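Given next are the chains, with one letter for each unit.
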Amino acid sequence: MQKRFLLTSFQTWLPHQKSNSSDDLLTEVARLNSLPYELTLLRQLPVDVEQASFRVLEKIRELQPDSIICCGMAEKRTLLSVEVGAVCGESKLLTTVDLEKLVVGFPNVEISHDCGKFVCEGLYYSVLDELRLQELKTPCIFVHVPILTEENFPSILEDFLLMIHKLALL
């Protein structure tokens, strides 16, 4: 049986943005059509914590994926950033995925302890909280994607695909 993945991305939120790099990355992943997994893409989520969380949690309940990768754009970062966790008020939730093991040997990936205090963090917290409340062992990570260029895109895509493969083994 194929592993089922849920992958998410956001819309743009600032006038100067022509696209959201997280969505651009998922567009290319979908175009490859060569992964041995069942990928469900929930793209172009609204840049609104409540609306985005509602849509993603609804899809998790419907799909019951084996792994979840939420993605967002980080304009000021240069590497894929895998987030350790998310904060809401005084509460902090951490991914159950061993990130050190996940990203070892990936030259274009860093582990981040700052999910951004924006809609990305709100969504990540909502998903981690839902998994905790439902006592689901579904691996979930949040990946911030830098602005994609002709120079960095091939290596960013390669490392992202390797992350998917490694998550499938969990």
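A quick note: this is a predicted structure, and the numbers were derived from the prediction, not measured.

Calculation criteria
Residues numbered from 1 in each chain as written. Predicted model: local features only at pLDDT ≥ 70, side-chain atom pairs only at ≥ 80, totals over all residues. Heavy atoms only, no water. Helix = DSSP H or I, 4+ residues; strand = E, 2+ residues; numbered from the N terminus. Rg over C-alpha atoms; globule rule 2.2 N^0.38 Å. Contact = heavy atoms within 4.5 Å. Salt bridge = Lys/Arg side-chain N within 4 Å of Asp/Glu carboxyl O. Buried < 20%, exposed > 50% of the residue type's maximum accessible area, 1.4 Å probe, protein only. Core = buried A, V, L, I, M, F, W, Y, C linked by side-chain atoms within 4.5 Å. Axes fitted to C-alpha atoms, helices over the stretch in contact; angles between N-to-C directions. Left-handed = near helix turned anticlockwise from the far one by under 90°. Nonpolar A, V, L, I, M, F, W, Y, C, P; charged D, E, K, R; others polar. Disulfide = S-S within 2.5 Å. Lys, Arg positive; Asp, Glu negative; His and termini not counted. Polar contact = N/O pair within 3.5 Å; in protein donor to acceptor, adjacent residues only side chain to side chain.

With respect to the overall build of the protein
For step 1, the next point in the chain: Looking only at helices and strands, one finds 5 helices and 8 strands in the protein.
For step 2, the next point in the chain: Counting from the amino terminus, helix and strand elements in the protein follow one another as β-α-β-α-β-β-β-β-α-β-α-β-α.
For step 3, the next point in the chain: Taken over the C-alpha trace, the protein has a radius of gyration of 15 Å; the compact-globule value for 170 residues is 15 Å, and the two agree within 12%.
For step 4, the next point in the chain: Overall size of the protein, expressed as C-alpha extent along the three principal axes, is 40 × 40 × 30 Å.
For step 5, the next point in the chain: Put simply, of all contacts in the protein between residues at least 6 apart along the chain, 80% involve residues at least 24 apart.

Focus on the pattern of salt bridges
For step 1, the next point in the chain: Applying the stated criterion to the full structure yields 7 salt bridges.
For step 2, the next point in the chain: One salt bridge connects glutamate 28 with arginine 31, and the closest N-O pair in it is separated by 2.9 Å. With glutamate 28 and arginine 31 both in helix 1 (residues 21-32), this residue pair falls 3 residues apart, about one helical turn.
For step 3, the next point in the chain: For glutamate 28, a relative accessible area of 18% puts it in the buried group.
For step 4, the next point in the chain: Looking at arginine 31, the relative accessible area reads 57%, which means it is exposed.

Re the nonpolar core
For step 1, the next point in the chain: Membership of the largest hydrophobic core comes to 30 residues, with the highest contact counts inside it found for Ile69, Leu80, Ile141, Val143, Phe160, Met163 and Ile164.
For step 2, the next point in the chain: Looking at this core, the elements with two or more residues in it are strand 1 (4-10), helix 1, strand 3 (67-73), strand 4 (80-83), helix 3 (99-103), strand 8 (140-145) and helix 5 (153-168).
For step 3, the next point in the chain: Of all the elements, helix 5 adds the most residues to this core, at 8 residues.
For step 4, the next point in the chain: Those residues within four positions of valine 143 in sequence are excluded, and the remaining contacts are Ile69, Cys70, Cys71, Gly72, Leu80, Ser81, Val82, Phe160 and Met163.
For step 5, the next point in the chain: One finds Ala52, Leu57, Cys120 and Tyr125 within the second-largest nonpolar core, a separate group that totals 24 residues.

Quick look at the side chain of serine 53
For step 1, the next point in the chain: By the secondary structure assignment, serine 53 is in helix 2 (residues 49-63).
For step 2, the next point in the chain: In this structure serine 53 comes out as buried when scored by relative accessible area, which is 6%.
For step 3, the next point in the chain: Leave out the neighbours within four places in its chain, and serine 53 touches Gly122, Leu123 and Ser126.

Quick notes on the packing of helix 2 against helix 4 (residues 119-133)
For step 1, the next point in the chain: Helix 4 packs onto helix 2 with a crossing angle of 35° between their chain directions and a minimal axis gap of 9 Å. In this structure, helix 2 meets helix 4 at a crossing whose hand is right-handed. In this structure, helix 2 contributes Val49, Ala52, Ser53, Val56, Leu57, Ile60 and Arg61 to the contact, and helix 4 contributes Val119, Gly122, Leu123, Ser126, Val127 and Glu130.
For step 2, the next point in the chain: By residue class, the composition of the contact of helix 2 with helix 4 is 8 nonpolar, 3 polar and 2 charged.

Brief notes about the state of the cysteines
For step 1, the next point in the chain: Per the counting criterion, the structure on display carries 0 disulfides.
For step 2, the next point in the chain: Cysteine 120 provides the cysteine sulfur closest to cysteine 115, a residue in no disulfide bond, and the two sulfurs are 6.2 Å apart.
For step 3, the next point in the chain: The exposure class assigned to cysteine 115 is buried, which follows from its relative accessible area of 1%.
For step 4, the next point in the chain: You can see cysteine 140 has no disulfide; the closest cysteine sulfur is in cysteine 70, sitting 4.7 Å from it.
For step 5, the next point in the chain: Since its relative accessible area comes to 1%, cysteine 140 is described here as buried.

Considerations on the side chain of arginine 4
For step 1, the next point in the chain: Within the secondary structure, arginine 4 sits in strand 1.
For step 2, the next point in the chain: Aspartate 66 provides the closest opposite charge to the buried, salt-bridge-free arginine 4, at an N-O distance of 4.1 Å.
For step 3, the next point in the chain: At 3.4 Å, the side chain of arginine 4 forms a polar contact with the backbone oxygen of leucine 63.
For step 4, the next point in the chain: Looking at arginine 4, its side chain comes within polar contact range of the main-chain oxygen of glutamine 64, at 2.3 Å.
For step 5, the next point in the chain: The contacts of arginine 4, once residues within four sequence positions are left out, are Glu38, Leu63, Gln64, Pro65, Asp66 and Ser67.

In short, shape yes, function no, at least from these values alone.
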